[in-house]
Amino acid sequence: MASVRRAVLLLCRRYANSFQKLTIKRRCGDWRSGYLTRTKMYLIGLMPVVHAALSAVQKTESSESDKKTIRIADKLYGENEVDQLYEHLKPYESSNNSEIIWRLARATCDKAKSTSDPALRKKLMYEAFGYAEKALSLGKDIDFACHKWYAIMLDYVGEYEATKERISKAYQIREHFLKAIELNPKDATSVHLLGYWCFVFADMPWYQQKIAAVVFATPPSSTYEESLKYFLEAEKIDPGFYSMNLLMIGKTFLRLKETEQAKQYLMKAKDYAIRTADDKKAHQEATELLQKLK
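Cut-offs and rules
- Residues numbered from 1 in each chain as written.
- Predicted model: local features only at pLDDT ≥ 70, side-chain atom pairs only at ≥ 80, totals over all residues.
- Heavy atoms only, no water.
- Phe/Tyr/Trp six-rings, centres within 6.5 Å; stacked < 30°, edge-to-face > 60°.
- Buried < 20%, exposed > 50% of the residue type's maximum accessible area, 1.4 Å probe, protein only.
- Lys NZ or Arg CZ within 6 Å of the ring centre and 35° of its normal.
- Axes fitted to C-alpha atoms, helices over the stretch in contact; angles between N-to-C directions.
- Helix = DSSP H or I, 4+ residues; strand = E, 2+ residues; numbered from the N terminus.
- Left-handed = near helix turned anticlockwise from the far one by under 90°.
- Contact = heavy atoms within 4.5 Å.
- Nonpolar A, V, L, I, M, F, W, Y, C, P; charged D, E, K, R; others polar.
- Polar contact = N/O pair within 3.5 Å; in protein donor to acceptor, adjacent residues only side chain to side chain.
- Salt bridge = Lys/Arg side-chain N within 4 Å of Asp/Glu carboxyl O.
- Expected span 1.5 Å × (residues − 1).

### Focus: the packing of aromatic side chains
Two aromatic rings, taken as a pair, are described by how far apart their centres are and by the angle between their planes.
Stage number 1. Taken as a whole and judged by the stated rule, the model has six aromatic pairs.
Stage number 2. With 5.9 Å between their ring centres and 40 degrees between their planes, F241 and Y242 make a pair best called tilted.
Stage number 3. A relative accessible area of 18% places F241 in the buried class.
Stage number 4. Above the plane of the ring of Y77 lies R106, whose end atom (NZ or CZ) is 3.5 Å from the centre.
Stage number 5. A cation over an aromatic ring shows up here: K229 above the ring of Y230, its NZ or CZ 4.7 Å from the ring centre.

### A few points about the packing of helix α6 (residues 144-158) against helix α9 (residues 188-202)
Stage number 1. One can describe the packing of α6 onto α9 by two numbers: an axis separation of 11 Å at closest approach and a directional angle of 35 degrees. In this structure, the crossing between α6 and α9 has a hand that is left-handed. Across the interface between the two elements, F144, K148 and I152 of α6 pack against T189, S190 and L193 of α9.
Stage number 2. Of the residues in the contact of α6 with α9, the class split is three nonpolar, two polar and one charged.

### A closer look at the environment of M267
Stage number 1. Along the chain, M267 falls in helix α13 (residues 259-271).
Stage number 2. Between the alpha carbons of M267 and G250 there is a distance of 8.7 Å; along the sequence they are 17 residues apart.

### Let's talk about the side chain of S222
Stage number 1. Of note, S222 is situated in the loop between α10 (206-215) and α11 (224-237).
Stage number 2. Among the polar contacts made by the side chain of S222, one reaches the side chain of E226 at a distance of 2.6 Å.

### Notes on the pattern of salt bridges
Stage number 1. Counted under the stated rule, the structure contains 20 salt bridges.
Stage number 2. With a shortest N-O distance of 3.9 Å, R106 and D74 are connected by a salt bridge. With a gap of 32 residues between them, R106 in helix α4 (residues 98-114) and D74 in helix α2 (residues 33-78) connect regions that are remote in the sequence.
Stage number 3. In this structure R106 comes out as buried when scored by relative accessible area, which is 9%.
Stage number 4. Take D74: its relative accessible area is 33%, and that puts it in the partly exposed class.

### Some thoughts on the environment of Y196
Stage number 1. Looking at where Y196 falls in the secondary structure, it is placed in helix α9.
Stage number 2. It is 8.7 Å that separates the C-alpha atoms of Y196 and N245, two residues lying 49 residues apart in sequence.
Stage number 3. Contact partners of Y196, with chain neighbours within four places excluded, come to F231 and M248.

### Quick look at helix α12 (residues 243-255)
Stage number 1. Its 13 residues place the ends of α12 19 Å apart at the C-alpha level, agreeing with the 18 Å of an ideal helix rising 1.5 Å per residue.
Stage number 2. Judged by how many residues are buried, α12 sits mostly within the fold: 12 of 13 residues are covered.
Stage number 3. Turning to α12, its buried residues are S243, M244, N245, L246, L247, M248, I249, G250, K251, T252, F253 and L254.
Stage number 4. Looking at the buried positions of α12, the neighbouring elements they touch are α9, α11, α13 and α14 (277-292).
Stage number 5. Count one or two residues on from α12 and you reach K257, which has phi positive near 65 degrees.

This is the structure:
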C-alpha cells in the first residue's frame, strides 16, 4: 500500500512540475506556442486521472485506518474495557463507517449500564441511541448489527418514556431484530433478543395489555413457547455465549412449570463467570430464583 501511495504522489509531483514549467515558458513568450498549447491541454486532460488516483489512495488509507480502529475496539470489547473502549471510539463519532458507529453505540450503552448514576445513565443511553440511528442510516442494507443496535437502543430509551409510547414501538423493534437475523442468521444475540421480545409480551401484565389494545388494532402478543424456541436456538448457534440467555431459558421453563429444566439453566447462569454488568445481573437473579425453588 505504501508503494502505491508513493507512486501516485510521484505522478502528482511530476504533473505539477510539468504544468509549472509550461506556465513559465508561456509567460516568457516561448516561440513554440502551438506545441505548448497542445502540451498544456494534454496535462489538463490528465487532471481527472490524477484526482481519481489521489482519491483512491485517500479512500484506501481511510479504509485501512478504519480497520485498525475496529480491530482495537474489538480487542477492548473482548477484554471488557468499557471506559477505554468508549474513549477509543468517541473521537470517531463523525465517521461515516457504519461498523465504527454501531460499535460506538454499543460502547456507549455498556458505559451507561456500568454507571450507578441515574442521570448519567439516561444521558448515555440517549447518546447511544443517536449513534444507533446514525449507524442504521449508513448501513441498513448491509450490516445486521446496525438493525440490532438500533432496536436495542430504541427499547432502552423507551425506559424513560411513558408505557404507551414504549409499547407503541414494539413492532418497530421486532422488525429490526428480524432484519438483523435475515442479514445474519448465525448471530446468536439477535436471535436471543427476538426471544426476549416474545417473552416480554407473553409475560405482559393485564394493565399493559389494555394499553397495547388501545395503541394497536392488533396488539403485539406472543407465548412462552415461542420465546423459549428462540432462546434455545440462540444457545444452539453459540453455546454459552451470554449469561442472560441462560437466565431467560431458566425463567421461561419456570413459566412453563418445567422446574427441573429451569434449575439446570439457572445454575448455569449463576455459575457463569462475571465479567459484565449483564453477567452480574444474571448471577443475582438466578441465585434468587434458585433459593425460592429449594
